[in-house]
Amino acid sequence: VSQNISDPSLPNGVSCYPNPFSQLTFIDFTLENAGAITVEIFDANGKMIRTLLNNSLQTPGNYHLGFDGSSLANGTYYCRIASDVKTSTQKLVIAR
């Protein structure tokens, strides 16, 4: 599930590629304004698997995060990018 973000302190144009992926995917987003951002990966049951950024203050700009899913089982996962006021979720699929 992906949603558009209107709050300028949140990432715009979130994309994850390649998706589906077998080992490594990249999460790209743009911040128009500075803000504290959390990026987490969840499994299909809602269990948090990994935190890539934890309430980290980020300046405006383009961000490119790598996520190594090689130790995870095939299946559906979710990347959640959040600030204090809004959240964006992107579906990830691991397929080997």
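## Thoughts on the sheet that holds strand 6 (residues 75–82)
Here is step 1: Spatially, 4-3-6-7 is the arrangement adopted by the four strands of the open sheet, whose pairing is antiparallel. Of all strands in the sheet, those bounded by a partner on one side alone are strand 4 (48–58) and strand 7 (87–94). Strand-to-strand twist across the sheet, computed as the mean angle between neighbouring axes with direction ignored, equals 15 degrees.
Here is step 2: Strand direction decides the pairing type here: strand 6 and strand 7, joined by eight bridges, are antiparallel. The residue bridging Tyr77 from the neighbouring strand is Leu92, located in strand 7.

## A look at the side chain of Thr38
Here is step 1: Inspection of the secondary structure puts Thr38 in strand 3 (residues 35–43).
Here is step 2: Assessed through its relative accessible area of 14%, Thr38 is described here as buried.
Here is step 3: One polar contact links the side chain of Thr38 to the main-chain amide nitrogen of Asn55, over a distance of 2.9 Å.

## Quick word on the pairing of strand 3
Every other side chain in a regular strand lies on the same face of the sheet, so the side chains alternate between the two faces.
Here is step 1: In terms of burial, strand 3 is a largely internal element, eight of the nine residues being buried.
Here is step 2: By the bridge criterion, seven bridges tie strand 3 to strand 4 in an arrangement that is antiparallel. If you follow Gly35 over to strand 4, its bridge partner there is Gln58.
Here is step 3: Where strand 3 hands over to strand 4, the hairpin turn is made up of four residues, of which Gly46 adopts a positive phi near 90 degrees.

Reading the values: rules and limits
Residues numbered from 1 in each chain as written. Predicted model: local features only at pLDDT ≥ 70, side-chain atom pairs only at ≥ 80, totals over all residues. Heavy atoms only, no water. Pairing = 2+ DSSP bridges. Helix = DSSP H or I, 4+ residues; strand = E, 2+ residues; numbered from the N terminus. Axes fitted to C-alpha atoms, helices over the stretch in contact; angles between N-to-C directions. Buried < 20%, exposed > 50% of the residue type's maximum accessible area, 1.4 Å probe, protein only. Polar contact = N/O pair within 3.5 Å; in protein donor to acceptor, adjacent residues only side chain to side chain.

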